[in-house]
Amino acid sequence: MKKLLTGVALTLAVSAFNSAAYASTDTDAMMDKAAQLHSQAKDGGFVWKQKKMKQPYFDTYAAQYEEAKKKGDMKKAQTAAEFALKTAEGEVRQMTAEVKAGWEK
């Protein structure tokens, strides 16, 4: 019985470790994609930033991601990566949209 419980506990521990490693890989891939999209938008001149902000939104989320990753808080890292990806996708979408000013016909 002890061997069975030990085996089950060991299996659960290994699977939990592997899922955390995969989550880290997913968030890294998400941040890589976000960085690529942000660089495209930056080249096009469509970086989202308010006048009083010291750095753009994407850079803020990237800093939050790195800080959370250093601390080992993968939930906060995942959230920051999602915000960074949404921001980068929005920047690219704005860059590629055919929008006219309201007074143009």
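Before any of the text, the structure's been laid out above.
Residues numbered from 1 in each chain as written. Predicted model: local features only at pLDDT ≥ 70, side-chain atom pairs only at ≥ 80, totals over all residues. Heavy atoms only, no water.

Peer 1: Can you walk me through the nonpolar core in this structure?
Peer 2: Across soluble globular proteins, nonpolar side chains show a tendency to be buried alongside one another. Membership of the largest hydrophobic core comes to 17 residues, with the highest contact counts inside it found for Met-31, Ala-34, Phe-58, Tyr-65 and Ala-84. Mapped by element, the contributors of at least two residues to this core are helix 1 (2-44), helix 2 (57-71) and helix 3 (74-96). Not counting residues up to four positions away in its chain, the partners in contact with Ala-84 are Met-31, Ala-34, Phe-58 and Tyr-61. (Core = buried A, V, L, I, M, F, W, Y, C linked by side-chain atoms within 4.5 Å. Buried < 20%, exposed > 50% of the residue type's maximum accessible area, 1.4 Å probe, protein only. Helix = DSSP H or I, 4+ residues; strand = E, 2+ residues; numbered from the N terminus. Contact = heavy atoms within 4.5 Å.)

Peer 1: Where do I start with the environment of Lys-49 in this structure?
Peer 2: Along the polypeptide, Lys-49 turns up in the loop between helix 1 and helix 2. Judged by its relative accessible area of 43%, Lys-49 falls in the partly exposed class. Once the C-alpha coordinates of Lys-49 and Asp-59 are considered, the two residues, 10 residues apart in sequence, prove to be 9.8 Å apart. With residues near it in sequence (within four places) discarded, Lys-49 still touches Lys-54, Gln-55, Pro-56 and Tyr-57. A polar contact is formed between the side chain of Lys-49 and the backbone oxygen of Met-53, at a distance of 3.5 Å. (Polar contact = N/O pair within 3.5 Å; in protein donor to acceptor, adjacent residues only side chain to side chain.)

Peer 1: I keep staring at helix 2 and nothing clicks. Help me out?
Peer 2: Since the α-helix turns once every 3.6 residues, residues separated by three or four places project in the same direction. Compared with an ideal rise of 1.5 Å per residue, which puts 15 residues at 21 Å, helix 2 spans 21 Å between its outermost C-alpha atoms and is within 8% of the ideal. Along helix 2, the positions that sit buried rather than exposed are Phe-58, Tyr-61, Ala-62, Tyr-65 and Ala-68. Along the axis of helix 2, the buried positions cluster into a sector of 130 degrees, meaning they face one direction only. Away from its buried face by more than 90 degrees, helix 2 exposes Lys-70 and Lys-71. Positive phi shows up at Gly-72, right after helix 2, with a value of about 85 degrees. (Expected span 1.5 Å × (residues − 1). Arc of directions from axis to C-beta.)

Peer 1: How do you make sense of the side chain of Thr-87 when you look at a structure like this?
Peer 2: With respect to the secondary-structure elements, Thr-87 resides in helix 3. Take Thr-87: its relative accessible area is 8%, and that puts it in the buried class.

Peer 1: What exactly am I supposed to notice about the pattern of salt bridges here?
Peer 2: Any two side chains of opposite charge can pair if their charged atoms end up close together. Here the structure, examined in full by the defined rule, presents 2 salt bridges. Among the salt bridges present, the one from Lys-69 reaches Asp-28, with a minimum N-O distance of 2.7 Å. In this pair, Lys-69 is assigned in helix 2 and Asp-28 in helix 1, connecting sequence segments 41 residues apart. Residue class for Lys-69 comes out partly exposed when judged on its relative accessible area of 33%. (Salt bridge = Lys/Arg side-chain N within 4 Å of Asp/Glu carboxyl O.)

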